[in-house]
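Listed here are the chains, written in short residue letters.
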Amino acid sequence: MDDTDDVIDDVFAVIEDRKETLPEDSYTASLFTHEKGENAVLEKLGEETTELILAAKDDDREELAHESADIVYHLLVLLSMKEMDLGDLRAELKERR
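Residues numbered from 1 in each chain as written. Predicted model: local features only at pLDDT ≥ 70, side-chain atom pairs only at ≥ 80, totals over all residues. Heavy atoms only, no water.

(A) Layout of the side chain of Glu67. Mapped onto the elements of the fold, Glu67 is located in helix 4 (residues 61-81). Of the side chains bearing the opposite charge, Lys44 lies closest to the buried Glu67, which forms no salt bridge; the N-O distance is 7.7 Å. The residues touching Glu67, leaving out its near neighbours within four places in the chain, are Glu48, Glu51 and Leu52. (Helix = DSSP H or I, 4+ residues; strand = E, 2+ residues; numbered from the N terminus. Buried < 20%, exposed > 50% of the residue type's maximum accessible area, 1.4 Å probe, protein only. Lys, Arg positive; Asp, Glu negative; His and termini not counted. Salt bridge = Lys/Arg side-chain N within 4 Å of Asp/Glu carboxyl O. Contact = heavy atoms within 4.5 Å.)

What follows is the structure, given as C-alpha coordinates:
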(Lines give C-alpha, C1' and ligand atoms only; values in the text may rest on other atoms or scores of the structure.)
Protein backbone atom coordinates (compact mmCIF):
# COMPACT_ATOMS: atom_id res chain seq x y z
CA MET A 1 0.00 0.00 0.00
CA ASP A 2 1.49 3.35 -0.95
CA ASP A 3 0.77 6.82 0.42
CA THR A 4 -2.05 7.48 -2.04
CA ASP A 5 -4.10 4.51 -0.82
CA ASP A 6 -5.18 6.39 2.30
CA VAL A 7 -5.74 9.78 0.69
CA ILE A 8 -9.56 9.59 0.75
CA ASP A 9 -9.47 8.61 4.43
CA ASP A 10 -7.06 11.48 5.09
CA VAL A 11 -9.23 14.00 3.25
CA PHE A 12 -12.33 12.83 5.10
CA ALA A 13 -10.50 13.14 8.44
CA VAL A 14 -9.57 16.75 7.59
CA ILE A 15 -13.20 17.46 6.62
CA GLU A 16 -14.42 16.05 9.94
CA ASP A 17 -11.82 18.12 11.80
CA ARG A 18 -12.82 21.31 9.98
CA LYS A 19 -16.48 20.60 10.80
CA GLU A 20 -15.60 20.44 14.49
CA THR A 21 -13.03 23.24 14.76
CA LEU A 22 -14.40 25.64 12.09
CA PRO A 23 -11.17 27.55 11.41
CA GLU A 24 -11.95 30.97 9.94
CA ASP A 25 -9.63 30.62 6.95
CA SER A 26 -10.94 27.18 5.89
CA TYR A 27 -12.98 26.68 2.72
CA THR A 28 -14.25 23.41 4.16
CA ALA A 29 -15.41 25.09 7.37
CA SER A 30 -17.16 27.75 5.29
CA LEU A 31 -19.26 25.05 3.64
CA PHE A 32 -20.51 23.91 7.05
CA THR A 33 -21.42 27.45 8.11
CA HIS A 34 -22.67 28.81 4.76
CA GLU A 35 -25.92 30.75 4.92
CA LYS A 36 -27.36 28.46 2.25
CA GLY A 37 -26.68 25.45 4.45
CA GLU A 38 -26.25 22.19 2.59
CA ASN A 39 -27.52 23.82 -0.61
CA ALA A 40 -24.08 25.41 -0.97
CA VAL A 41 -22.50 21.94 -1.23
CA LEU A 42 -25.27 20.64 -3.46
CA GLU A 43 -24.75 23.58 -5.82
CA LYS A 44 -20.99 22.89 -5.88
CA LEU A 45 -21.64 19.24 -6.71
CA GLY A 46 -23.86 20.29 -9.61
CA GLU A 47 -21.29 22.79 -10.86
CA GLU A 48 -18.41 20.32 -10.59
CA THR A 49 -20.45 17.61 -12.33
CA THR A 50 -21.04 19.90 -15.29
CA GLU A 51 -17.32 20.72 -15.42
CA LEU A 52 -16.48 17.00 -15.25
CA ILE A 53 -18.80 16.22 -18.15
CA LEU A 54 -17.25 18.98 -20.27
CA ALA A 55 -13.72 17.78 -19.47
CA ALA A 56 -14.70 14.24 -20.49
CA LYS A 57 -16.30 15.49 -23.70
CA ASP A 58 -13.13 17.41 -24.54
CA ASP A 59 -10.89 14.41 -23.71
CA ASP A 60 -8.99 16.65 -21.29
CA ARG A 61 -7.42 14.09 -18.93
CA GLU A 62 -5.82 16.66 -16.63
CA GLU A 63 -9.06 18.58 -16.20
CA LEU A 64 -11.00 15.31 -15.85
CA ALA A 65 -8.78 14.30 -12.92
CA HIS A 66 -9.11 17.79 -11.38
CA GLU A 67 -12.91 17.87 -11.63
CA SER A 68 -13.18 14.28 -10.40
CA ALA A 69 -11.24 15.26 -7.29
CA ASP A 70 -13.55 18.26 -6.79
CA ILE A 71 -16.60 15.98 -6.96
CA VAL A 72 -15.13 13.47 -4.51
CA TYR A 73 -14.19 16.25 -2.09
CA HIS A 74 -17.63 17.86 -2.17
CA LEU A 75 -19.29 14.43 -1.89
CA LEU A 76 -17.24 13.74 1.24
CA VAL A 77 -18.33 17.10 2.69
CA LEU A 78 -21.97 16.18 1.98
CA LEU A 79 -21.56 12.78 3.64
CA SER A 80 -20.11 14.49 6.70
CA MET A 81 -22.99 16.98 6.77
CA LYS A 82 -25.42 14.07 6.75
CA GLU A 83 -23.56 12.41 9.64
CA MET A 84 -22.35 9.62 7.37
CA ASP A 85 -18.81 8.41 6.92
CA LEU A 86 -16.61 6.38 4.62
CA GLY A 87 -17.85 3.17 6.24
CA ASP A 88 -21.33 3.93 4.90
CA LEU A 89 -19.95 4.52 1.43
CA ARG A 90 -17.74 1.43 1.52
CA ALA A 91 -20.65 -0.75 2.68
CA GLU A 92 -22.82 0.44 -0.21
CA LEU A 93 -20.05 -0.11 -2.74
CA LYS A 94 -19.33 -3.56 -1.31
CA GLU A 95 -22.98 -4.55 -1.78
CA ARG A 96 -22.69 -3.62 -5.45
CA ARG A 97 -19.60 -5.73 -6.15
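(B) Here's a closer look at helix 3 (residues 38-57). An ideal rise of 1.5 Å per residue puts 28 Å on 20 residues; helix 3 measures up with 29 Å between its terminal C-alpha atoms. Listed in full, the buried residues belonging to helix 3 are Ala40, Val41, Leu45, Glu48 and Ala55. The arc enclosing the buried residues of helix 3, seen along the axis, measures out at 135°, which places them on a common side. The outward face of helix 3, more than 90 degrees from its buried face, is lined by the exposed residues Ile53 and Lys57. Looking at the buried side of helix 3, the elements it contacts are helix 2 (27-33) and helix 4. Looking one or two residues past helix 3, Asp59 carries a phi angle of roughly 55°, positive in sign. (Expected span 1.5 Å × (residues − 1). Arc of directions from axis to C-beta.)

(C) The arrangement of the packing of helix 1 (residues 7-21) against helix 4 in detail. Helix 4 packs onto helix 1 with a crossing angle of 50° between their chain directions and a minimal axis gap of 10 Å. When the interaxial angle is binned, helix 1 and helix 4 end up oblique. Judged by the twist between their axes, the crossing of helix 1 over helix 4 is right-handed. Contact residues: Ile8, Val11, Phe12, Ile15, Glu16 and Lys19 in helix 1; Tyr73, Leu76, Val77, Leu79 and Ser80 in helix 4. (Axes fitted to C-alpha atoms, helices over the stretch in contact; angles between N-to-C directions. Parallel < 35°, antiparallel > 145°, perpendicular 65-115°, else oblique. Left-handed = near helix turned anticlockwise from the far one by under 90°.)

(D) Representation of the nonpolar core in the model. Counting twelve residues, the largest nonpolar core is built from Phe12, Ile15, Leu31, Val41, Leu45, Ile71, Tyr73, Leu76, Val77, Leu78, Leu79 and Leu86. Mapped by element, the contributors of at least two residues to this core are helix 1, helix 3 and helix 4. The element that contributes the greatest number of residues to this core is helix 4, accounting for six residues. (Core = buried A, V, L, I, M, F, W, Y, C linked by side-chain atoms within 4.5 Å.)

(E) Structural detail: the pattern of salt bridges. Going through the model one piece at a time under the given rule, you end up with ten salt bridges. The closest approach of N and O atoms between Glu16 and Lys19, which form a salt bridge, is 3.6 Å. Taken together, the positions of Glu16 and Lys19, both in helix 1 and three residues apart, correspond to about one turn of that helix. In this structure Lys19 comes out as buried when scored by relative accessible area, which is 17%. The shortest N-O distance in the salt bridge between Glu47 and Lys44 comes to 3.1 Å. Linking Glu47 with Lys44, this pair stays in helix 3, spanning three residues, or about one helical turn. Beyond isolated ion pairs, a larger network of salt bridges with shared partners links Glu16, Lys19 and Glu83.

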